[in-house]
Amino acid sequence: MSLGFRISGRIGKPVGEVFDAVVNPTKLSGYFTTIGGASAPLVAGTTVTWWKSVPVEVDEVTKDKRIVLRWDATDADGKPAYKTRIEMNFEPLEDGGTFVTIAEEGWREGEAGLKKSYLNCEGWSQMLACMKAYLEYGINLRDGYYRSELRGEPANETNI
């Protein structure tokens, strides 16, 4: 059994706009990958870089519906040991909004996997809140959110 989580929330914008805010590197950099940005659009079969140093493998992109990504998980020594899988689903709502669900799974059982899954759950929850603020109100909640980012460093498990 592997560890994982699922978060979700409503964004008050049409599904096409919400989906584009994730696949478009300029938009993603406006609320999530704010330090270092995103190197390229999310296109199936490619690897993009977030925050200038995090490789993100793009497995699947179904326009306005679903994105599947993989990235490195680290072992207890902090070395990349395996990958976790991120799945984002976008559901259009009758009121014109979009229900976004983000799930990440694949951490190995144990103290290190549990701790890292909780940190990523925090990060994806914060990403969803920042996306809502960015799309609905045009503000960047991420700016100054973590102490590390006040120093101009992308947040990670050792500096938040």
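Residues numbered from 1 in each chain as written. Predicted model: local features only at pLDDT ≥ 70, side-chain atom pairs only at ≥ 80, totals over all residues. Heavy atoms only, no water.

- Naming follows an unreviewed UniProt entry, where the protein appears as SRPBCC domain-containing protein of Mesorhizobium argentiipisi.
- Its UniProt record gives the protein a comment under Sequence similarities (unreviewed entry), which states: "Belongs to the AHA1 family." (UniProt positions renumbered as here; feature names shortened; annotations may be inferred.)

### A few points about the confidence of the model for the protein
Phase 1 of the analysis: Mean pLDDT for the protein: 92, with 96% of residues reaching 70 or above.
Phase 2 of the analysis: When pLDDT is averaged over each helix and strand of the protein, the minimum, 76, is found for helix 4 (residues 147-150) and the maximum, 98, for helix 1 (residues 15-23). (pLDDT = per-residue confidence, 0-100. Helix = DSSP H or I, 4+ residues; strand = E, 2+ residues; numbered from the N terminus.)

### A short note on the pairing of strand 3 (residues 54-62)
Phase 1 of the analysis: Note that strand 2 (residues 47-50) and strand 3 share four bridges and pair antiparallel. Bridge pairing in strand 3 places Trp 50 opposite Val 54.
Phase 2 of the analysis: Here strand 2 folds back onto strand 3 in antiparallel fashion, the turn holding three residues, of which Trp 51 has a positive phi close to 60 degrees.
Phase 3 of the analysis: As judged from the five bridges shared by strand 3 and strand 4 (residues 66-74), these two strands associate in the antiparallel manner. Across the sheet, residue Glu 57 finds its bridge partner in strand 4, namely Arg 70.
Phase 4 of the analysis: Connecting strand 3 to the antiparallel partner strand 4 that follows it, the hairpin turn spans three residues, and Asp 64 within it adopts a positive phi of roughly 65 degrees. (Pairing = 2+ DSSP bridges.)

### So, the packing of helix 1 against helix 3 (residues 111-137)
In a packed pair of helices, the relevant descriptors are the angle between the two axes and the axis-to-axis distance.
Phase 1 of the analysis: It is the contact of helix 1 with helix 3, at a shortest axis distance of 11 Å, that shows an interaxial angle of 120 degrees. By the angle class used here, helix 1 and helix 3 are oblique. Crossing angle aside, the handedness with which helix 1 passes helix 3 is right-handed. Touching Glu 17, Val 18, Ala 21 and Val 22 of helix 1 are Met 127, Met 131 and Leu 135, all from helix 3.
Phase 2 of the analysis: Here the contact of helix 1 with helix 3 is composed, by residue class, of six nonpolar, no polar and one charged. (Axes fitted to C-alpha atoms, helices over the stretch in contact; angles between N-to-C directions. Parallel < 35°, antiparallel > 145°, perpendicular 65-115°, else oblique. Left-handed = near helix turned anticlockwise from the far one by under 90°. Contact = heavy atoms within 4.5 Å. Nonpolar A, V, L, I, M, F, W, Y, C, P; charged D, E, K, R; others polar.)

### Some words on the nonpolar core
Phase 1 of the analysis: Trp 50, Met 88, Trp 124, Met 127 and Met 131 are the most contacted members of the largest nonpolar core, which totals 37 residues.
Phase 2 of the analysis: Every element with two or more residues in this core is listed here: strand 1 (3-11), helix 1, strand 2, strand 3, strand 4, strand 5 (80-92), strand 6 (98-107) and helix 3.
Phase 3 of the analysis: Once residues lying within four places of it in the same chain are set aside, the contact partners of Trp 50 are Leu 28, Phe 32, Thr 33, Gly 37, Ala 38, Leu 42, Val 56, Leu 69, Trp 71 and Trp 124. (Core = buried A, V, L, I, M, F, W, Y, C linked by side-chain atoms within 4.5 Å. Buried < 20%, exposed > 50% of the residue type's maximum accessible area, 1.4 Å probe, protein only.)

### Focus: the pairing of strand 1
Each regular strand displays side chains that alternate between the two surfaces of the sheet.
Phase 1 of the analysis: Taking every second residue as pointing to the same face, the buried face of strand 1 carries Leu 3, Phe 5, Ile 7, Gly 9 and Ile 11, while none of Gly 4, Arg 6, Ser 8 and Arg 10 on the other face is buried.
Phase 2 of the analysis: One ladder, built from nine bridges, connects strand 1 with strand 6; its direction is antiparallel. Residue Leu 3 lies in a different strand from strand 6, and its bridge partner there is Trp 107.

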